[in-house]
Amino acid sequence: MRPAKSAPRVAVVGATGMVGRELVSLLERRRFPVGDLLPVSSGRGRSSVRFRGRDIPAAAPDPAALAACDVAFLVSSEEVARRFGPGLARRGVWVIDDSSEFRLDPGVPLVIPEVNASALGRDRRLIAGPNCTMTGLAVAGWPLHRAARVLRARVASYQAVSGAGRAALAEFFAQGRGLARALAFGRDGRAPVLRAPRARALPRAIAANVIPQVGSFDAAGCSGEESKVAAELRKVWGAPGLRVSVTAVRVPVVRGHALAAWLEFAQPLSPARARRLLGRAPGLDLLEAGDYPTPLDTAGRAPVRAGRVRSGVGSRELALWVVSDNLLKGAALNSVQIAELLLRRGWLRRRA
Ligand SMILES: NC(=O)c1ccc[n+]([C@@H]2O[C@H](COP(=O)([O-])OP(=O)(O)OC[C@H]3O[C@@H](n4cnc5c(N)ncnc54)[C@H](OP(=O)(O)O)[C@@H]3O)[C@@H](O)[C@H]2O)c1
């Protein structure tokens, strides 16, 4: 059954991008009550999105049309978020932004529903969604943090190319096609020494490679992604003293961010107890002992998935492996879940 025309008017700014297309599809599959859908793109070139069996043209942002919506998902860029986010929120539109622009703003809730839904407020209409790498760690580590308080988190991430947007993925596919031709043993049976193709969207070629740089480096040598994971985890967990050390690495995976985490606790926490806590955590699938998730078998799935829970150094450290779909729980799904919460609380409605 189609939602009535009294359902909210929904804008998706960046509807034609990697996250935007997932978001529009989720709105349909989760039966989010959409009265009217306004898909917004850069307006460069013709594009459309498919929604409820129809192709709806996407156009450049029209401020008046956006202000007439009840909720606007911003899945575009920091610049677009700056340009529209605060103004729309002031005009009464619920704005759920997936860029990093407002995540650390003290006046803006940074929300993962399974962790800190309480940060939402009736009058806090500008809401930020978190970094896609941090989300998996925040969801999987939260029940452990509540039980034994994480003092220190050390993390190595293995991040899919789709996390860098459509241009990076197109570059990966093009490099992969070239690579397929070069993948063969030499006549003497030696492994080939591959020539790195040119890279534009990412700092180095990504096909058959790994790149220990996600974002640009600061004066201390940390990449933008590494700083975001640390600062956002502190904010979402409400743990300002948490010490976080991250090495963020881009890997030749299409979708699904993986991470290895070593968590040091204030209290002892056994792997068996940690497994019990993780086994009943919302939004998390804990795999059987001995099994583990990978990006390929996690892509397209909603929950964060974890495995390989084991002791680290001493009784106060645990190691675990976490994978989540960066385009779903890492971005589009988390945003839709926030909007669903607003609906359930009766805060998001169609205005006159
Ligand atoms: N990819 C991820 O895993 C991920 C995870 C978490 C958060 N995010 C965040 O989500 C946002 C979108 O990322 P993405 O990976 O989906 O990027 P993307 O694939 O590059 O898509 C960008 C979208 O923004 C649109 N756009 C570009 N300039 C615009 C403008 N001036 N006005 C209106 N729309 C404009 C594009 O429209 P055209 O089609 O016309 O170019 C496209 O729809 C970013 O803020 C990113 O940081 C991404």
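Parameters at a glance
- Residues numbered from 1 in each chain as written.
- Predicted model: local features only at pLDDT ≥ 70, side-chain atom pairs only at ≥ 80, totals over all residues.
- Heavy atoms only, no water.
- Near = heavy atom within 4 Å.
- Polar contact = N/O pair within 3.5 Å; in protein donor to acceptor, adjacent residues only side chain to side chain.
- Areas by Shrake-Rupley, 256 points an atom, 1.4 Å probe, with all protein chains shown as cover.
- Axes fitted to C-alpha atoms, helices over the stretch in contact; angles between N-to-C directions.
- Helix = DSSP H or I, 4+ residues; strand = E, 2+ residues; numbered from the N terminus.
- Parallel < 35°, antiparallel > 145°, perpendicular 65-115°, else oblique.
- Left-handed = near helix turned anticlockwise from the far one by under 90°.
- Contact = heavy atoms within 4.5 Å.
- Nonpolar A, V, L, I, M, F, W, Y, C, P; charged D, E, K, R; others polar.
- Salt bridge = Lys/Arg side-chain N within 4 Å of Asp/Glu carboxyl O.
- Buried < 20%, exposed > 50% of the residue type's maximum accessible area, 1.4 Å probe, protein only.
- 1 Å grid on protein atoms, 1.4 Å probe; cavity = no way out; pocket = protein on both sides within 12 Å on 5 of 7 lines; lining within 4 Å.
- Points joined across faces, edges and corners; volume = space filled by probe spheres on them.
- Pairing = 2+ DSSP bridges.
- Domains from an automatic or database assignment.
- Buried area = accessible area lost by both parts, 1.4 Å probe.
- Lys, Arg positive; Asp, Glu negative; His and termini not counted.

*Asks:* Help me understand the site of the ligand, please; the structure alone is not making it clear to me.
*Replies:* Close to the ligand lie 26 residues, the nearest being T16, M18, V19, S42 and N326. For the ligand, an oxygen atom lies 2.9 Å from a polar atom in the backbone of M18. Within the side chain of N326, a nitrogen or oxygen atom sits 2.9 Å from an oxygen atom of the ligand. For the ligand, whose free accessible area comes to 910 Å², the fraction covered by protein is 84%.

*Asks:* I keep staring at the packing of helix α5 (residues 132-148) against helix α7 (residues 224-237) and nothing clicks. Help me out?
*Replies:* Helix-helix packing: each pair is described by the crossing angle between the helix axes and the interaxial distance. Across the interface, α5 lies against α7 with an axial gap of 10 Å and an inter-helix angle of 40°. One way to sum up the angle between α5 and α7 is to call them oblique. For the crossing formed where α5 meets α7, the hand is right-handed. Of the residues in α7, those touching α5 at T133, M134, L137, A138, G141, W142 and H145 are E225, V229, E232, L233, V236 and W237. Grouping the amino acids of the contact of α5 with α7 by side-chain chemistry returns eight nonpolar, three polar and two charged.

*Asks:* What am I meant to see in the pattern of salt bridges here?
*Replies:* Side chains that differ in charge, positive against negative, can pair when their charged atoms come close. The full count for this structure, using the stated rule, is 15 salt bridges. Close ionic contact of K329 with E114 constitutes a salt bridge, the shortest N to O distance being 2.8 Å. Here K329, found in helix α10 (residues 328-344), pairs with E114, found in helix α4 (residues 113-116); they are 215 residues apart in sequence, far enough to count as distant. Like E114, K329 is buried. Across the pair R154 and E317 runs a salt bridge whose closest N-O atoms are separated by 3.6 Å. Here E317 lies in strand β13 (residues 317-324) and R154 lies in strand β8 (residues 150-159), a separation of 163 residues in the sequence. Using a relative accessible area of 32% as the deciding quantity, one classes R154 as partly exposed. A single salt-bridge network, built from bridges that share partners, covers R9, D70 and R351.

*Asks:* Would you explain the environment of V34 in this entry?
*Replies:* Relative to the helices and strands, V34 resides in the loop between α1 (18-29) and β2 (36-40). What makes V34 buried here is its relative accessible area of 1%. Note: C-alpha distance between V34 and P8 (26 residues apart in sequence) is 5.6 Å.

*Asks:* Looking at this model, I keep getting lost on the layout of surface pockets. Mind explaining?
*Replies:* Rolled over the atoms, a probe sized like a water molecule indicates the empty space that remains. Its volume calculated, the largest pocket comes out at about 1,100 Å³. Residue lining of the largest pocket: 43 residues in total, with V19, V75, S76, S77 and G165 positioned closest to the centre. Those elements that place two or more of their residues in the lining of the largest pocket are α1, α3 (78-90), α7 and α10. For the lining of the largest pocket, the residue count by class is 13 nonpolar, 21 polar and nine charged.

*Asks:* Just to check I follow, could you spell out the sheet that holds strand β12 (residues 304-311) for this structure?
*Replies:* With mixed pairing, the six strands of this open sheet are ordered in space as β9-β8-β10-β13-β12-β11. Two strands in the sheet have a free side with no partner beyond their single neighbour: β9 (243-250) and β11 (284-286). Strand-to-strand twist across the sheet, computed as the mean angle between neighbouring axes with direction ignored, equals 20°. Helix-sheet contacts for helix α8 (residues 271-279) involve β11, β12 and β13, and the interaxial angle to β12 is about 170°.

*Asks:* Can you help me understand the domain arrangement of the protein in this one?
*Replies:* Frequently, the measure chosen for interface size is the accessible area removed from exposure when the parts meet. According to the domain assignment, the protein consists of domain 1 (9-130 + 332-344) and domain 2 (134-167 + 196-326). Computed from C-alpha atoms alone, the centre-to-centre distance between domain 1 and domain 2 is 25 Å. If you look at the interface, domain 1 gives 17 residues, while domain 2 gives 18 residues. For the pairing of domain 1 and domain 2, the buried interface totals around 1,500 Å² over both sides, and the portion due to carbon and sulfur atoms is 65%. Scanning the region where domain 1 abuts domain 2 turns up two salt bridges. The salt bridge involving R255 is made with E22; its shortest N-O contact spans 2.8 Å. Our count for the contact surface shared by domain 1 and domain 2 stands at six residue pairs in polar contact (both at pLDDT 80 or more). Among the elements that make up the side of domain 1 that touches domain 2, the one with the highest residue count is α4 (three residues). Residue composition of the side of domain 1 that touches domain 2, grouped by class: nine nonpolar, four polar and four charged.

*Asks:* Where do I start with the side chain of R250 in this structure?
*Replies:* By the element assignment, R250 lies in strand β9. For the buried R250, no salt bridge exists, and the shortest N-O distance to an oppositely charged side chain is 6.0 Å, to E225. Polar contacts involving the side chain of R250 include one to the main-chain carbonyl oxygen of A160, which spans 2.8 Å. The residues touching R250, leaving out its near neighbours within four places in the chain, are Q159, A160, V161, G163, A164, L202, I206, N209, V210, I211, V214 and H257.

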